[in-house]
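Coordinate analysis (summary)
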Amino acid sequence: MHIAIIGNGATGVAAAKRIRQLQPDWKITLISGESDYHYSRPALMYIFMGHMSFKDTKPYQDHFWKINNIDLLRAWVTEIDHNNKKLTLHQKGQLTYDKLLIATGSKSNKFGWPGQDLKGVQGLWDLMDLRSLYENVKNAKRAVIVGGGLIGIELAEMIHSRNMEVTFLVRENSYWNNVLPKEESMMINRIIRHEGLDLKLETELKEIEGEQNGRVSGVVTNKGERIDCEIVGLTAGVSPNTDLVKETGIDTGRGILVDWSFRTNAPDVFAAGDCAELVTEGDLRNVIQQVWYTGKMQGKVAGEVIAGQDSTYDPGIWYNSAKFFDLEYQTYGNVSNVPVQGEHNLYWEHQNHQHSMRIITRNSIVIGINVMGLRYRHKVCERWIREEKTLDYVLDNLKEANFDPEFYDKFEQEIRHTFKEMAA
Amino acid sequence: MIDAKTLEYDFKEEELGFEEPFKQEDVPLTTGEKISLGLVALGILAFVVQLLGSPLQGTWAGFLLAFILPSIGASLYFWLSYKDTVPGIKHNNNYYRSLLARGSLGWIAGIVMTGFYILLYWWPKYLEGGIRMTDPLSGLLTGGPANQWFLYGLLYTIAVTVFGIRMFMKYRHNRYQKIRTASVMFFQLGLAFIIPNVLKAFNQPEYYFSYFWPLKYDYLFPSSFSYFMQSGSGVGMFFIFWGLMMTFLATPVLTYFYGKRWYCSWVCGCGGLAETMGDPWRQLSDKSTKAWRIERVLIHAVLVFIVITTVLLWINSSTSGSVFGSYSFTLKKWYGFYIGAIFSGVIGVGFYPLMGSRVWCRFGCPMAAILGIFQKFFSRFRITTNGGQCMSCGNCSTYCEMGIDVRAYAQKGENIIRSSCVGCGVCAAVCPRGVLKLENGGTYKDRYEHSDKPVTAFLDSIRHI
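The notes below deal with the structure included here. Values in this document were obtained by computation on a predicted structure and should not be read as measured data. (Residues numbered from 1 in each chain as written. Chains lettered and ligands numbered in written order. Predicted model: local features only at pLDDT ≥ 70, side-chain atom pairs only at ≥ 80, totals over all residues. Heavy atoms only, no water.)

Looking only at helices and strands, chain A has eleven helices and 25 strands in total. By its C-alpha atoms, chain A is 65 × 60 × 45 Å across when sized along the principal axes. Here chain A holds 424 residues, and the buried ones make up 59% of them. A separation threshold of at least 6 residues defines the contact pool for chain A, and within that pool the share at least 24 residues apart is 61%. Of the roughly 17500 Å² of accessible surface on chain A, 46% is carried by carbon and sulfur atoms. (Helix = DSSP H or I, 4+ residues; strand = E, 2+ residues; numbered from the N terminus. Buried < 20%, exposed > 50% of the residue type's maximum accessible area, 1.4 Å probe, protein only. Contact = heavy atoms within 4.5 Å. Areas by Shrake-Rupley, 256 points an atom, 1.4 Å probe, with all protein chains shown as cover.)

See below:
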């Protein structure tokens, strides 16, 4: 049995490992045109800023793949022929498989802005983008980053670390407030400005202007302002990368359509991770998850299904984390950016604006937790939410979840006090 | 279809790596920074002038100019260069700096530091000029002239203090780092510099209360016992008592409660230097499993070496040399030369800019070996990981000075229980997702999957070697 996996990111690797655990003798080929070895995509920024070398971002030592008998193939797949179970590789012939997992991840959104293909315009997703950034920063003085999300702020931090000016265009009236509630979002606005970035809220990109030689020279915003720049970072979200499967007979919507065991409509073809769109019965929207953690979890389940097990993906309690310059953020459960009817919002923020906590309850049951500038225990928060603990219970046991380093100031007492008063 | 530009991409990221990206000019140095660097330069100048035979040599003025002035200058520089930055992780450009990334400056620093140790151990006469400059302080503390060890102790203490200030500033958002740094600065200045020298002024043996057997290997040698006894009074007896207590009682008990860190990154002078002056080079430690294998063999071999040497010396002394004769003395000499001087000094510190700050602590120190055995099998200390939050970025492994591949555990959600971990806490500090935490847990249950009992866990682990 030969399993081919397209994409050596978090999902592809999680699947390969799981298949190997369950099927010691099957042949597994992990294919990527991007890199020889699996590396940590979220660590791209640290390579650029000089915190780590590329080699440091590889989660497994090179001998891991040999020991686990997982074949690595550096090639771009250009065609999937699922009727004959055959892949065409760019300049490297063909590869037959018995089962195929597509884990091609995401690609940066481009919304058809005038000038979006000029030199100096780029997203930040993969090593190709990182390499172009090396080219694009040469002699650059200012960058304009378009889109207030997680990747945008990383790209801003990277370019800023090279002593360049950064202007940040955010469509919303506060950074990332289509995900974060107002107060948390405002904490980040403050950080961005404190770091010396030019944050322009409620400002959209209208067009990108170029020079004769095809290079970017500036942008024009919807407010008519023209900003000179040599780099434009397009970080207005990502979409499932379905380039490879279009017109192959494999169904796609926004992503590659799969059931909750990651099967596509084509026999023995699976898709998981960022590129997959999980089809949901009934009125609910289909699910597309595009973070590292879900990629890993989806890959693991897809691996089980491919290896012959009867597994179904259970996303569990949502969680995510990020770091905005030096401000850490963790979220557990359901925290929506705007108040939802029937939900109760409790919010505490330290007067120095460096720490905050939000607890969301519904009928006095805790359903979501946000922390900024605080570290909380994943397992404890998840248990509280799963076991539907009451607000009182959570507040009385808050200390149990604190995960900050030793000797750090503890705010639990203050938070408990504040929230009890609010709830009363 | 995949676009043509993507298909063209075939960068050899493994071979070529990523070079330093273009950078706009750095903010020019402030007047304060220039002045502080000027003080350092002035100090170096004063040092050289005195080496060439200025009458300042041996005077307080000469001492202050050559040692204290540049220390103040460097401390001031660190303070000024960090004070206006946003508190947080400060590792930008580490891999682009020649001095910090094994570039030519790094090699020069390694050679200079190694050279200093070689002179110190074998040709101290070339350090004579520097030694004489410390006479005023030596006179004040010990009542006598300085020797090369006084100069060494002074430079060591200055390095820990000045770079300790750098650590305070670099980690001023992190109280664990600040307290720990204050601790190593206190133990170096007080217990490893002032007290031993003042003891000399009172005609007592020069005793270091912060070093114990087997790191300070001769403290449990029979010859030291008789030497301490000779000092009359109760002081010598107390030294012997202290040494035995620390080695056989405090070490296991404190390690049980707090892990190896109570010593290695809070008290020890070698650790103190590694955590302060060595901090800029911590990322150079080798994280491969091959290095881990070498580490386990070497460090335990050194431990066996010193244990055998000590036991033989005692057998020899209690049988008046009738069993092993001079053989035990030969071992003692070899240990002192190969391990005490070459390994812990020349390689241990001289190689900071090439192999990271903990070469000796990781590969050689027998004290670390003992503490490590306790930590691995009988300690409540471990680093816990935060559920599924790890995204495998590798900052923790990169900045582990002991070369532990922290990420290998974190990405599986496993606790980190490694004998070599000195508990410096930097992995937890650099983690961008809040995944790691140093903890003194209450039970064995969360340390060992299969057993709640330390002895069973111990036997279990032996079975898995």
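Looking now at the sheet that holds strand β23 (residues 343-349) of chain A. Residue and element names in this part refer to chain A. Overall, antiparallel pairing links the five strands, which are arranged β21-β22-β25-β24-β23 in an open sheet. The open sheet has two edge strands, β21 (319-324) and β23, and neither has a second partner. Pairs of neighbouring strands in the sheet enclose a mean axial angle of 15 degrees, with direction left out of account. Here seven bridges tie strand β24 (residues 356-362) to strand β25 (residues 365-372), and the two strands are oriented antiparallel to one another. Along β25, the bridge assignment pairs R358 with N370. (Pairing = 2+ DSSP bridges. Axes fitted to C-alpha atoms, helices over the stretch in contact; angles between N-to-C directions.)

Moving on, we get to the packing of aromatic side chains. Following the criterion strictly, the structure yields 62 aromatic pairs over all chains and no others. Consider the rings of F116 of chain B and Y117 of chain B, whose centres lie 5.7 Å apart with planes at 85 degrees: the pair is edge-to-face. The exposure class of F116 of chain B is partly exposed, given its relative accessible area of 22%. What makes Y117 of chain B buried here is its relative accessible area of 4%. Ring geometry for Y227 of chain B versus F228 of chain B: centroids 5.9 Å apart, planes at 40 degrees, classification tilted. By way of ring pairs, the aromatic residues F116, Y117, Y121, W122, W149, Y152, Y156, F337 and Y338 of chain B are connected into one cluster. We note K389 of chain A situated over the ring of Y393 of chain A; from NZ or CZ to the ring centre the distance is 4.5 Å. The ring centre of W292 of chain B lies 4.5 Å from the NZ or CZ of R296 of chain B, which sits over that ring. (Phe/Tyr/Trp six-rings, centres within 6.5 Å; stacked < 30°, edge-to-face > 60°. Lys NZ or Arg CZ within 6 Å of the ring centre and 35° of its normal.)

What follows concerns the pairing of strand β2 (residues 436-440) of chain B. Residue and element names in this part refer to chain B. Within β2, four of the five residues are buried, leaving the element largely enclosed by the surrounding structure. Strand direction decides the pairing type here: strand β1 (residues 381-385) and β2, joined by five bridges, are antiparallel. Its bridge partner lying in β2, R382 is registered against E439.

All names here are of chain A. Following the sequence through the fold, G120 ends up in the loop between β8 (106-108) and β9 (121-122). The exposure class assigned to G120 is buried, which follows from its relative accessible area of 4%. When the C-alpha atoms of G120 and R215 are compared, they prove to be 6.1 Å apart, with 95 residues separating the residues in sequence. Each residue touching G120, except ones within four places of it in the same chain, is listed here: N136, R215, V216, E230, I231 and V232.

Once that is clear, we can look at helix α5 (residues 150-160) of chain A. Within α5 of chain A, eight of the eleven residues are buried, leaving the element largely enclosed by the surrounding structure. Restricting attention to buried positions, one finds in α5 of chain A the residues G152, I153, E154, L155, A156, E157, M158 and I159 of chain A.

Quick look at the interface of chain A and chain B now. Listed per partner, the contact involves 74 residues of chain A and 68 residues of chain B. When the two sides are added together, the surface that chain A and chain B hide from each other amounts to roughly 6100 Å², 48% of it contributed by carbon and sulfur. Along the contact surface separating chain A from chain B lie seven salt bridges. Here E14 of chain B and K58 of chain A are joined by a salt bridge, their closest N and O atoms 2.9 Å apart. On inspection of chain A and its partner chain B, the count reaches 54 residue pairs in polar contact (both at pLDDT 80 or more). Contributions of two or more residues to the side of chain A that touches chain B are made by α2 (44-48), β4 (77-81), α4 (127-136), α7 (292-306), β21, β22 (327-333) and α8 (378-386) of chain A. (Buried area = accessible area lost by both parts, 1.4 Å probe. Salt bridge = Lys/Arg side-chain N within 4 Å of Asp/Glu carboxyl O. Polar contact = N/O pair within 3.5 Å; in protein donor to acceptor, adjacent residues only side chain to side chain.)

This part is about the sheet that holds strand β19 (residues 269-271) of chain A. All names here are of chain A. Read from one edge of the open sheet, five strands run β3-β2-β1-β7-β19, paired in parallel fashion. Among the strands making up the open sheet, the edge pair consists of β3 (70-74) and β19. The mean angle between the axes of side-by-side strands here comes to 20 degrees, regardless of whether they run parallel or antiparallel. As judged from the four bridges shared by strand β1 (residues 2-6) and strand β7 (residues 99-102), these two strands associate in the parallel manner. When the sheet's bridge partners are listed, I6 is paired in β7 with I102.

Moving on, we get to the environment of G340 of chain B. Residue and element names in this part refer to chain B. Relative to the assigned elements, G340 resides in helix α15 (residues 327-350). The class of G340 is buried, set by a relative accessible area of 14%. Separated by 199 residues in the primary sequence, G340 and L141 have C-alpha atoms spaced 26 Å apart. The residues touching G340, leaving out its near neighbours within four places in the chain, are Y121, Y217, Y335 and G345.

This next bit is on the side chain of D405 of chain B. Along the chain, D405 of chain B falls in the loop between α19 (395-398) and α20 (406-410). No salt bridge is formed by the buried D405 of chain B; its nearest oppositely charged neighbour, R407 of chain B, is found at 4.4 Å. A polar contact is formed between the side chain of D405 of chain B and the side chain of S397 of chain B, at a distance of 2.7 Å. Excluding anything up to four places from it in sequence, D405 of chain B contacts Q61 of chain A together with K287 and S397 of chain B. (Lys, Arg positive; Asp, Glu negative; His and termini not counted.)

Structural measurements only, silent on function.
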